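Notes for the structure review
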Amino acid sequence: MNASELLDAHLERITVDLEQWLALFADDAVIEFPYAASLGTAARLDGKDAIRAYFGGSVPTMEDLAFSNVRRYPAGDPDVAWLEVHGAARIPSTGRRYEQDYVMFGRAREGQLVLYREYWDPWVAARAFGLELGTEGER
């Protein structure tokens with residue numbers, strides 16, 4: 001699969017089967033969440049074991065996670081892909097809705113993701129999960 005196909009498969013598999021989803025990643029893959037540090041969570045995951053540990057615990061915290069409004073942006077290189085996508089879920093621990101817009105970047109090597117970078121608004125996540133980050137006026 002090329003990078004665009006891998007990102008499409010990512011959206012399809014992440015909520016269905018963790019092991020099928022992990023098969024999209026190379027053993028030495030890196031996942032980066034550039035804005036996650038503001039929530040006190042991991043901003044970088046190195047290798048499939050770290051990815052498994054993180055996502056095995058995080059995906060279950062979102063009920064009925066679904067993606068919509070997928071927009072693809074050609075990169076001119078089959079090993080590079082960009083997506084914009086909307087994600088929605090219910091957070092069982094708070095009962096709140098999670099509505100997040102993402103920008104996703106993927107780099108592939110030999111049919112697997114070697115780099116996946118996901119940009120999202122930490123304020124949206126904080127509100128949905130009931131975390132305190134200050135006031136929105138401080139943003």
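Okay, so let's go over this structure. Predicted model only: the values in this text are computed from it and were never measured.

Comments concerning the nonpolar core
Ranked by internal contacts, the top residues of the largest apolar core, which has 36 residues, are W21, F25, I31, I51, F55 and Y98. For this core, the secondary structure elements donating two or more residues are α1 (3-13), α2 (18-22), β1 (25-32), α3 (48-58), β4 (80-91), β5 (96-109), β6 (112-119) and α4 (122-129). Setting aside anything within four residues of it in sequence, one finds W21 in contact with H10, R13, I14, I31, I51 and F55.

A short note on the sheet that holds β1
Picture the strands of a sheet paired through backbone hydrogen bonds; they go either parallel or antiparallel. Taken in spatial order, the six strands make up an open sheet running β2-β1-β6-β5-β4-β3, and their pairing is mixed. With one partner strand each, in any of the chains shown, β2 (44-46) and β3 (63-73) form the two edges of the open sheet. Ignoring which end each strand starts from, the neighbouring axes of this sheet average 20° apart. Bridging between β3 and β4 involves seven bridges; their strand directions are antiparallel. The residue bridging A66 from the neighbouring strand is A88, located in β4. With respect to the sheet, α4 is in contact with β4 and β5, its orientation differing from that of β5 by roughly 135°.

Some details on the environment of R127
Along the chain, the position of R127 falls in helix α4. When the C-alpha positions of R127 and R96 are compared, they lie 8.3 Å apart, and in sequence the two are 31 residues distant.

Section: the packing of aromatic side chains
What the rule picks out here adds up to 10 aromatic pairs. Geometrically, the ring pair formed by W82 and F105 is tilted, given 4.7 Å between the ring centres and 55° between the ring planes. Remark: F105 occurs in strand β5 and W82 occurs in strand β4; sequence separation between them is 23 residues. Joined through ring pairs, the aromatic side chains of W21, F25, F33, Y54, F55 and W120 make up one cluster.

Notes on unusual backbone geometry
Of note in the backbone geometry, N69 takes a positive phi value of approximately 50° without being a glycine. Even without being a glycine, E110 presents a positive backbone phi close to 50°. Its location among the elements puts E110 in the loop between β5 and β6. Taking the relative accessible area as the measure of exposure, E110 reaches 77% and is therefore exposed.

Some words on the environment of L24
Of note, L24 is situated in the loop between α2 and β1. We classify L24 as buried; its relative accessible area is 2%. Distance from L24 to H10, taken between C-alpha atoms, is 7.3 Å for residues 14 residues apart in sequence. Dropping the residues within four chain positions of it, L24 is found in contact with M1, L6, A9, H10, R13, Q112 and L113.

Section: the pairing of β5
In this structure, β4 lies alongside β5, joined through 12 bridges in antiparallel fashion. Within the sheet, the bridge partner assigned to I91 lies in β5 and is R96. What sits between β4 and β5 in their antiparallel hairpin is a turn of four residues, with G95 showing a positive phi close to 75°. Where β5 hands over to β6, the hairpin turn is made up of two residues, of which E110 adopts a positive phi near 50°.

About the thresholds
- Residues numbered from 1 in each chain as written.
- Predicted model: local features only at pLDDT ≥ 70, side-chain atom pairs only at ≥ 80, totals over all residues.
- Heavy atoms only, no water.
- Core = buried A, V, L, I, M, F, W, Y, C linked by side-chain atoms within 4.5 Å.
- Buried < 20%, exposed > 50% of the residue type's maximum accessible area, 1.4 Å probe, protein only.
- Helix = DSSP H or I, 4+ residues; strand = E, 2+ residues; numbered from the N terminus.
- Contact = heavy atoms within 4.5 Å.
- Pairing = 2+ DSSP bridges.
- Axes fitted to C-alpha atoms, helices over the stretch in contact; angles between N-to-C directions.
- Phe/Tyr/Trp six-rings, centres within 6.5 Å; stacked < 30°, edge-to-face > 60°.

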